[in-house]
Amino acid sequence: MCTTGALRTDSGYLLFKNKDFGRSGFEDRLVIEQDVFGIAGVETWAGTDPNLDRFSGFSLGANRHGLLCCDSNVRTIPGLNYDRLTEVALREGADVPSGVAAVERAVRRDPYVWGNLVLIDQSNLATVEVRGRQLKATMHPADRIARSNHHVELGVTPEDDDTVTTGPRLRSATDRLRNARSLRDIFELQESHDQGDSGICNHTSYDTVYSYVFERRGASTTLHVTQGKPCENPGRQALVIPFGPEWSPGAAAEFRTAYPSARLPTAV
């Protein structure tokens with residue numbers, strides 16, 4: 001179960017995600033290309049055996065144009081992994097409208113596992129709710145939004161994978177975003193326990209295993225990332241993503257080496 005959202009600030013804009021997983025430890029896999037950066041999605045997010053993990057798509061990511069996108073689970077059904085839609089948005093979109101249009105085309109072709117997407121660029125903010133072949137895209141005039149593990153526009157169902165913690169987490173994230181102004185405010189949101197162990201920083205049957213914030217300022221995108229529960233490990237790595245002319249095999253290797261993971265710094 002994950003908590004996601006976006007915030008526009010005086011100096012740029014942010015996209016955040018706490019990744020909650022079915023075990024207490026997890027090692028990310030990265031895709032670092034000249035035009036696209038992604039953290040691989042996992043179809044087996046509730047699994048307890050890392051040897052059985054199936055990776056596909058992007059759980060969250062960014063592209064050189066300044067489009068940021070992330071997702072969260074709603075209900076596991078037969079269909080393609082919603083993480084593939086985050087990758088579609090970032091590979092085919094130059095901004096929020098074109099990213100949303102790319103997702104709409106993909107959903108018309110194939111049914112997807114239920115999920116929520118959040119997209120932000122320098123001018124636009126949108127959410128996309130996917131339910132099989134059904135899709136609801138909403139452009140938001142506000143400068144902030146939060147999502148958790150249920151559909152807001154399409155509505156909650158009794159069959160959703162999380163019917164207990166998703167509502168309180170969304171209320172907490174929305175309340176905290178209401179007064180948020182800065183990157184530091186988002187860090188504090190990610191570390192919070194307004195509902196105790198099942199707060200935005202999760203210590204229950206699903207543990208927060210990574211905490212991320214993409215920060216876009218001008219033409220530069222920085223990923224602020226910590227491995228493990230953010231309340232226990234507030235030290236974060238701030239890594240500038242080497243897009244465009246800054247990309248090279250060496251720059252990608254340096255990024256991987258600095259990234260908080262016990263895995264060898266190899267590509268997906």
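Reading the values: rules and limits
- Along every chain, residues carry numbers that run from 1 in the direction the sequence is written.
- Local features in this predicted model are restricted to residues whose pLDDT is 70 or higher, and side-chain atom pairs enter the listing and the counts only when it is 80 or higher, whereas totals over whole chains, interfaces and linings include all residues.
- Hydrogens are left out, water is left out, and the side-chain values use all remaining heavy atoms of the structure.
- The helix count covers DSSP runs of H or I at least four residues long, the strand count covers runs of E at least two residues long, and both are numbered beginning at the N terminus.
- Both definitions apply: the radius of gyration is a C-alpha atom measure, and the globule rule equals 2.2 Å times residues to the power 0.38.
- Residue burial is assigned from relative accessible area. The probe radius is 1.4 Å, only protein chains are included, and a residue is buried under 20% of its type maximum, exposed over 50%, and partly exposed in between.
- Whether two residues touch is decided by their heavy atoms; if any such pair falls within 4.5 Å, the residues are in contact.
- Under the convention used here, a 1.4 Å probe and the Shrake-Rupley method define accessible areas, while residue burial counts only the protein chains that appear.
- Only four residue types enter the tally: Lys and Arg on the positive side, Asp and Glu on the negative side, with His and both chain ends excluded.
- Note that the charge is assigned to NZ on lysines, CZ on arginines, CG on aspartates and CD on glutamates.
- N or O atoms closer than or at 3.5 Å make up a polar contact, with two conditions inside protein: a donor-capable atom paired with an acceptor-capable one, and, for residues adjacent in sequence, both atoms drawn from side chains.
- Only strands joined by at least two bridges in the DSSP assignment are considered to pair.
- Every axis in this analysis is a line fitted to C-alpha atoms, fitted for helices over the stretch in contact. Angles between the N-to-C directions lie between 0 and 180 degrees.
- The salt bridge criterion pairs a side-chain nitrogen of Lys or Arg with a carboxyl oxygen of Asp or Glu, the two atoms within 4 Å.
- pLDDT expresses how confident the predictor is about each individual residue, on a scale running from 0 to 100.

1. Details of the overall build of the protein
Thought 1: When helices and strands are tallied, the protein shows 5 helices and 13 strands.
Thought 2: The C-alpha radius of gyration computed for the protein amounts to 17 Å, which stays within 12% of the reference 18 Å derived for 268 residues, consistent with globular compactness.
Thought 3: By the burial criterion, 56% of the 268 residues in the protein qualify as buried.
Thought 4: Considering only contacts within the protein whose residues lie at least 6 apart along the sequence, 59% involve residues at least 24 apart.
Thought 5: Accessible surface, the protein: about 10,800 Å² in total, of which carbon and sulfur atoms supply 48%.
Thought 6: When the 30 positive and 35 negative side-chain charges of the protein are each reduced to one mean point, those points stand 3 Å apart.

2. Examining the side chain of Thr221
Thought 1: Inspection of the secondary structure puts Thr221 in strand E12 (residues 220-227).
Thought 2: On the basis of relative accessibility, which here comes to 1%, the residue Thr221 falls in the buried class.
Thought 3: Here Arg216 takes part through its side chain, which lies 2.7 Å from a polar atom of the side chain of Thr221.
Thought 4: Setting aside residues up to four positions removed in sequence, Thr221 forms contacts with Ala62, Leu68, Phe214, Glu215, Arg216, Leu239, Val240, Ile241 and Phe243.

3. Structural notes on the sheet that holds strand E1 (residues 3-8)
Thought 1: Read across the open sheet, the 6 strands follow the order E10-E1-E2-E11-E12-E13; overall the sheet is antiparallel. In this open sheet, the two edge strands, each paired with only one partner strand, are strand E10 (144-147) and strand E13 (237-240). Here the average twist between neighbouring strands, direction ignored, is 15°.
Thought 2: Bridge analysis of E12 against E13 gives 4 bridges, and the strand direction is antiparallel. Of the residues in E13, the one forming a bridge with Leu223 is Leu239.

4. Here's the deal with the pattern of salt bridges
Opposite charge on two side chains makes pairing possible when the charged atoms of those side chains draw close.
Thought 1: Within the structure shown, the criterion is met by 16 salt bridges.
Thought 2: A salt bridge links Arg144 to Asp143, with the nearest nitrogen and oxygen atoms 2.7 Å apart.
Thought 3: Shared partners join several salt bridges into a network, and the residues in it are Arg184, Glu188, Glu191 and Arg236.

5. Considerations on the confidence of the model for the protein
Thought 1: Model confidence for the protein is summarised by a mean pLDDT of 92, while 94% of its residues fall at 70 or above.
Thought 2: Below pLDDT 50 for its whole length, residues 264-268 participates in 9 contacts with residues either more than four positions away or in separate chains.

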